[in-house]
Amino acid sequence: MLIKIERGWQLPERIATPEALFRNRRQFLKGMGAIGGALVADSLVLNSALATHDEGTNNDPSAELYPVWENKTFTLDRELTPEKFATHYNNYYEFGSQKEISKLAQELPIRPWTITLDGLVEKEAILDIDDLLAMMPLEERVYRHRCVEAWSIAVPYSGFPLQALVNLARPLGSAKYLVMQSFEKPEIARGQKQFWYPWPYTEGLTIEEATNELAFMATGYYGKPIPKQNGAPLRLAVPWKYGFKHAKGIVRFTFSEKRPRSFWENIQGSEYGFWANVNPDVPHPRWSQATEKFYGPNGVMRMPTQLFNGYGEYVATLYSDFAKREPLYM
Ligand SMILES: Nc1nc2c(c(=O)[nH]1)N[C@H]1C(S)=C(S)[C@@H](COP(=O)(O)O)O[C@H]1N2
Ligand SMILES: [Mo]
């Protein structure tokens, strides 16, 4: 993600407390020592990552679940992005701010992995990921993915409708938002040692968005378990919204009456808002969103951005109540 370098005095209030600074000082000092080496290491990482492109899915215990049936309701207006590109050009700040994190992400243990369902639900629950996978109706869908940085890809996800998880959780009538939180393991994910980021990665949807038929929980990618760098074992896919809404490595779903403050909103709310619906006519404060760089089988192509990333027929009606009152497209 492209962000402005924050000065200390611009840190989000929540993390700039003396207590937080004190608690993290040792990690901070350790992190500083690593920065010089990191630049060199990252280019080595890219080379070795590209050499072993099916890393990560070999030992996944859910491997025998895939491939799953193809839901043909969702179609593409372009060819798929090559798997090798989609699995080696990533955003996953837990592992660093560069695109080449696929190798580092292999350190994340994805078993055992539990999912907590809590907040405004009939009964809070902690589920083992493999039990959850066994309960959910798995299918494959092809979706386009549009990052706020203006690059895009088209990929086959396997997984289940988020609606199925919401039904399983049985939220109370008072729940208005679904909050998703990613894992927190600073000892493994070196980006989480950077205490000025508001970890854990947090995202949210309204319940209406979460139960829209497009909202999908991805557990597979290209007909196999989803690789760690793409968000194993569980990541969100909401293709009408910018990529930063698609939380990876989710461990908790909380039903809430209050709108959560998401990770990027916390860092730079004027650039990365809660709604983040794709709109070619609403520029990012520092660049245009009129076109995107699509990474396809023939390399990169400039293409026009579409309203709601081309998914308006499914989601445009979700926003009629909010029109003009909220920054829906940032
Ligand atoms: N936990 C977590 N989830 C995340 C991110 C992140 O840094 N941490 N980056 C987001 C952004 S900006 C994008 S574009 C997508 C990228 O997903 P991909 O690497 O599978 O294409 O992941 C999103 N999910
Ligand atoms: Mo993104």
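Residues numbered from 1 in each chain as written. Chains lettered and ligands numbered in written order. Predicted model: local features only at pLDDT ≥ 70, side-chain atom pairs only at ≥ 80, totals over all residues. Heavy atoms only, no water.

Enquirer: I tried to follow the overall build of the chain on my own but got confused; where do I start?
Expert: Secondary structure assignment for the chain yields eight helices and 12 strands. The 330 residues of the chain split such that 54% are buried. The contacts in the chain between residues at least 6 apart in sequence include a share of 74% that link residues at least 24 apart. Split by element, the accessible area of the chain, about 15,000 Å² in all, is 55% carbon and sulfur. (Helix = DSSP H or I, 4+ residues; strand = E, 2+ residues; numbered from the N terminus. Buried < 20%, exposed > 50% of the residue type's maximum accessible area, 1.4 Å probe, protein only. Contact = heavy atoms within 4.5 Å. Areas by Shrake-Rupley, 256 points an atom, 1.4 Å probe, with all protein chains shown as cover.)

Enquirer: How should the side chain of E209 be read in this particular structure?
Expert: Considering the arrangement of structural elements, one finds E209 in helix 6 (residues 207-210). In this structure E209 comes out as buried when scored by relative accessible area, which is 1%. One polar contact links E209 to Y319, side chain to side chain, over a distance of 2.4 Å. With sequence-adjacent residues up to four places away left out, E209 is seen in contact with A215, W240, K241, W275, L318 and Y319. (Polar contact = N/O pair within 3.5 Å; in protein donor to acceptor, adjacent residues only side chain to side chain.)

Enquirer: Would you take a moment to explain unusual backbone geometry for this structure?
Expert: Of all residues except glycine, most have a negative phi; of all peptide bonds, most are trans. Omega for the peptide link from Y66 to P67 comes to 0 degrees, which places this bond in the cis form. Relative to the helices and strands, P67 resides in the loop between helix 1 (18-51) and helix 2 (83-86). Unlike most non-glycine residues, A150 shows phi in positive territory, near 90 degrees. Residue position: A150 is located in the loop between strand 3 (139-146) and strand 4 (151-161). At N309, a position not held by glycine, the phi torsion is positive, near 55 degrees. With respect to the secondary-structure elements, N309 resides in the loop between strand 12 (299-304) and helix 8 (312-315). Look at N309 and you get buried, because its relative accessible area is 0%.

Enquirer: How should the pattern of salt bridges be read in this particular structure?
Expert: Note that side chains of opposite charge can pair when their charged atoms are close. Per the counting criterion, the structure on display carries 17 salt bridges. A salt bridge links R78 to D77; the shortest N-O distance between them is 2.8 Å. R78 sits in the buried class, given a relative accessible area of 12%. Since its relative accessible area comes to 48%, D77 is described here as partly exposed. (Salt bridge = Lys/Arg side-chain N within 4 Å of Asp/Glu carboxyl O.)

Enquirer: So what exactly am I meant to see when it comes to the site of ligand 1 here?
Expert: Inspection of the region around ligand 1 gives 19 residues, with N90, Y93, E94, H246 and K248 positioned closest. Interatomic distance of 2.7 Å between a backbone N/O atom of Y93 and an oxygen atom of ligand 1. At a separation of 2.8 Å, a nitrogen atom of ligand 1 approaches a polar side-chain atom of E94. Grouping the amino acids of the shell around ligand 1 by side-chain chemistry returns nine nonpolar, seven polar and three charged. (Near = heavy atom within 4 Å. Nonpolar A, V, L, I, M, F, W, Y, C, P; charged D, E, K, R; others polar.)

Enquirer: Can you help me understand the sheet that holds strand 1 (residues 114-119) in this one?
Expert: The pairing of strands in a sheet happens through backbone hydrogen bonds and is either parallel or antiparallel. Here five strands make up an open sheet; going across it, the order is 2-1-10-5-6 and the pairing mixed. The open sheet has two free edges, formed respectively by strand 2 (125-128) and strand 6 (202-206), since each of these has just one partner strand. With direction set aside, neighbouring strand axes in the sheet form an average angle of 20 degrees. Sheet topology note: the strand 1/strand 10 (residues 250-256) ladder contains four bridges and is parallel. Within strand 10, the position partnered with L117 by the bridge is F253. Taken strand by strand, helix 5 (residues 162-169) contacts strand 1, strand 2, strand 5 (177-182), strand 6 and strand 10, and its axis lies near 65 degrees from that of strand 10. (Pairing = 2+ DSSP bridges. Axes fitted to C-alpha atoms, helices over the stretch in contact; angles between N-to-C directions.)

Enquirer: What's the story with the pairing of strand 7 (residues 216-221) in this structure? I'm lost.
Expert: Looking along a regular strand, one sees the side chains alternate between the two faces of the sheet. When you tally the buried positions in strand 7, you get six out of six residues, the bulk of the element. Note that strand 4 and strand 7 share five bridges and pair antiparallel. What sits directly across from P161, in strand 7, is F216. Relative to strand 9 (residues 235-237), strand 7 runs antiparallel, the two being bridged by three bridges. Note on strand 9: the bridge partner recorded for F216 is A237. Judged from the two bridges that link them, strand 7 and strand 8 (residues 224-225) form a sheet pairing that is antiparallel. Looking across to strand 8, one finds that G220 is bridged to P225. Counting the residues that bridge the hairpin from strand 7 to strand 8 gives two residues, and of these Y222 lies at a positive phi of roughly 50 degrees.

Enquirer: Would you take a moment to explain the side chain of S182 for this structure?
Expert: Examined against the element boundaries, S182 turns out to sit in strand 5. Other than its neighbours up to four places away in sequence, S182 contacts E94, P200, Y201, A247, K248, G249, I250 and V251.

Enquirer: What is the right way to look at the packing of aromatic side chains in this model?
Expert: Pairs of aromatic rings are described using the distance from one ring centre to the other and the angle between the two planes. If you walk through the whole model with that rule in mind, you get 32 aromatic pairs. Members of the aromatic cluster, each reached through a chain of ring pairs, are Y93, F195, W196, Y197, W199, Y201, F244, F263, W264 and Y272. Between R78 and the ring centre of F294, over which it is positioned, the NZ or CZ distance is 5.0 Å. Lying across the ring of Y89, K99 places its NZ or CZ 5.7 Å from the centre. (Phe/Tyr/Trp six-rings, centres within 6.5 Å; stacked < 30°, edge-to-face > 60°. Lys NZ or Arg CZ within 6 Å of the ring centre and 35° of its normal.)

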